[in-house]
Structures are given as C-alpha cells and as structure tokens.
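Structural overview
Next come the chains, spelled out residue by residue.
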Amino acid sequence: MGKCTELILVSRCCYGGVSPFVKMVQDRAISYIHPDFVMRKGEMHHKRRYKNVITLSLHLYGENITDIEKETARELLKANADNYDSLVKGVYFYKSLEELEDVVL
C-alpha cells in the first residue's frame, strides 16, 4: 500500500459493510498508517506514513441490498478514506458475484 495509487475492495455485502474476512484484512492494513495522530477535518486520525495518495473504490455484491445498506456502505468508505487520508472513487453494487465478474475494474 505504500506505493499504490488505487485500492479496490471487493466483497459480499454484510449489513452495508464488507465481509468479516475483508474487514480483517483492512484492520491488518492499519500498519500502512503512521502510529502518530494528526487532526484532519476536526477529527483525530493517524498520520500519513507515505507520500502516495490512494483512491478507494468499493464493489459490493449480494441479493436484495437495501437502500440503507447502500448508504451505510458509502459512509463506511468515506470514513475509511478519512482514516487513510485518501480519496473516494466510488461505491458500486451488484446482485451477484457473477455480475461483478463482467465488470472491468
């Protein structure tokens, strides 16, 4: 992550968030961020460790994803972007993993 410019997250939608496995990977990626803190947008966040700026996109799949889950996903990705001091490219929803396979990321 110290050299990438885009991070694409793909997961089954779980209550508007990512699956437990993808969440675990995200939690372990905290080492990407500096252990010291800074104030950004009036909130305390980890300091940026590397010079690159990452653009985040989230691709969620699942049958019957509700509007509330979609809004939750958008807010969670925005919060992740704030934590990583990164940008949001977008959040995308698919009815099935097969539908997602046809998308060129």
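Summarised in this report is the structure supplied together with it.

Basis of the calculations
- Residues numbered from 1 in each chain as written.
- Predicted model: local features only at pLDDT ≥ 70, side-chain atom pairs only at ≥ 80, totals over all residues.
- Heavy atoms only, no water.
- Helix = DSSP H or I, 4+ residues; strand = E, 2+ residues; numbered from the N terminus.
- Buried < 20%, exposed > 50% of the residue type's maximum accessible area, 1.4 Å probe, protein only.
- Pairing = 2+ DSSP bridges.
- Axes fitted to C-alpha atoms, helices over the stretch in contact; angles between N-to-C directions.
- Contact = heavy atoms within 4.5 Å.

1. Some remarks on unusual backbone geometry
Most of the time, phi is negative for any residue but glycine, and the peptide bond is trans. Positioned with a positive phi, Lys 41 is a non-glycine residue whose angle comes to about 55°. Tracing the sequence through the fold places Lys 41 in the loop between strand E2 (37-40) and strand E3 (43-46). Phi at Asp 85 takes a positive value of approximately 50°, unusual for a residue other than glycine. Tracing the chain through its elements places Asp 85 in the loop between helix H2 (67-84) and strand E5 (87-94). On the basis of relative accessible area, Asp 85 is assigned to the partly exposed category, the value being 25%.

2. Quick look at the sheet that holds strand E1 (residues 6-12)
Strand order in the open sheet formed by three strands is E1-E4-E5, with parallel pairing between adjacent strands. The outermost strands of the open sheet, each flanked by one partner alone, are E1 and E5. Across this sheet, the average inter-strand angle for adjacent strands is 15°, counted without regard to direction. In this sheet, strand E4 (residues 55-61) lies alongside E1 in parallel orientation, the contact comprising seven bridges. Looking across to E4, one finds that Val 10 is bridged to His 59. Relative to E5, H2 is tilted by about 155°, and along the sheet it contacts E4 and E5.

As far as function goes, none of this settles anything; it's purely spatial.
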